[in-house]
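Below, each chain spelled out in residue letters.
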Amino acid sequence: AERNSENISVRTGARVKTASIPPAQPDGSTSPESGGDLPPPWASVTLEDGGTLHSRLLVGADGPTSLVRQAVGIATVSYNYRQAAVVATLEWEENDQMTAYQRFLPNGPVALLPLTDSMASLVWTTTPEEAKRLCKMEPEDFVRSLNSAF
């Protein structure tokens with residue numbers, strides 16, 4: 001889907017194939033000083049559907065294997081914390097005070113964050129093996145495990 005305004009084009013569901021940015025000049029700028037007929041140096045993104053987008057600003061928010069980040073040569077550092085999170089939206093009995101709950105367990109924190117008076121967001125950090133086990137549980141067993149965690 002694409003939505004446009006005078007200066008903004010928003011496209012959703014597009015997949016990036018390649019991304020490029022204009023080369024920096026010796027002074028650090030990206031604008032050539034020639035003053036000739038060259039178009040302004042804009043970033044380009046080629047999409048898997050063959051479309052091409054050009055922009056003076058390119059934001060690399062395309063995930064952990066970002067093509068945009070790779071195009072500009074930004075390195076990343078990652079760590080294996082040997083943890084995984086179970087994230088869910090839960091229905092709970094009324095929480096009139098909109099109170100958040102968090103508990104620090106040996107394998108990582110578990111938190112209930114209120115969304116409404118009857119809905120909460122759960123983030124339960126634990127080992128990858130325990131996260132898989134929790135995700136396979138029947139709802140009643142999961143609720144029992146969550147209650148015992150608090």
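First, a word on scope: everything that follows refers to the structure included in this document. Computed from a predicted structure; not experimentally measured.

Looking only at helices and strands, the protein chain has 3 helices and 9 strands in total. The helix and strand sequence of the protein chain, counted from the amino end, reads β-β-β-β-β-α-β-β-β-β-α-α. Counting only residues that meet the buried cut, the protein chain has 20% of its 150 residues in that class. Looking at the protein chain alone, contacts between residues at least 24 apart form 47% of all its contacts between residues at least 6 apart.

A word on the nonpolar core. By size, the foremost hydrophobic cluster in this structure holds 14 residues, and its most contacted members are Leu122, Trp124 and Phe142. Those elements that place two or more of their residues in this core are β6 (84-91), β8 (108-114), β9 (119-126), α2 (128-136) and α3 (139-149). Here Trp124 is in contact with Ala84, Ala85, Val86, Leu105, Pro109, Val110, Leu134, Phe142, Ser145, Leu146 and Ala149, once residues within four sequence places are set aside.

A word on α3. Where α3 is concerned, the buried positions are Phe142, Ser145, Leu146 and Ala149. One side of α3 holds all its buried residues, which, seen down the axis, span an arc of 100 degrees. Exposed and oriented more than 90 degrees from the buried face of α3 are Glu140, Arg144, Asn147 and Ser148. Residues of α3 that are buried in the fold lie against β6, β7 (101-105), β8, β9 and α2.

Another aspect to go through is the sheet that holds β8. Spatial ordering of the open sheet is given by β6-β9-β8-β7, a layout of 4 strands whose pairing is antiparallel. Both edges of this open sheet fall to β6 and β7, since each of them pairs with a single strand only. Neighbour-to-neighbour, the strand axes of the sheet open up by a mean angle of 10 degrees, direction not taken into account. Sheet topology note: the β6/β9 ladder contains 8 bridges and is antiparallel. Opposite Val87, over in β9, you have Val123 as the bridge partner.

Here we take up the pairing of β8. Pairing geometry for β7 and β8, over 5 bridges, is antiparallel. Its bridge partner lying in β8, Leu105 is registered against Gly108. With 5 bridges connecting them, β8 and β9 associate as antiparallel partners. Paired with Ala111 across the strands is Val123, a residue of β9.

Rules of the game
Residues numbered from 1 in each chain as written. Predicted model: local features only at pLDDT ≥ 70, side-chain atom pairs only at ≥ 80, totals over all residues. Heavy atoms only, no water. Helix = DSSP H or I, 4+ residues; strand = E, 2+ residues; numbered from the N terminus. Buried < 20%, exposed > 50% of the residue type's maximum accessible area, 1.4 Å probe, protein only. Contact = heavy atoms within 4.5 Å. Core = buried A, V, L, I, M, F, W, Y, C linked by side-chain atoms within 4.5 Å. Arc of directions from axis to C-beta. Pairing = 2+ DSSP bridges. Axes fitted to C-alpha atoms, helices over the stretch in contact; angles between N-to-C directions.

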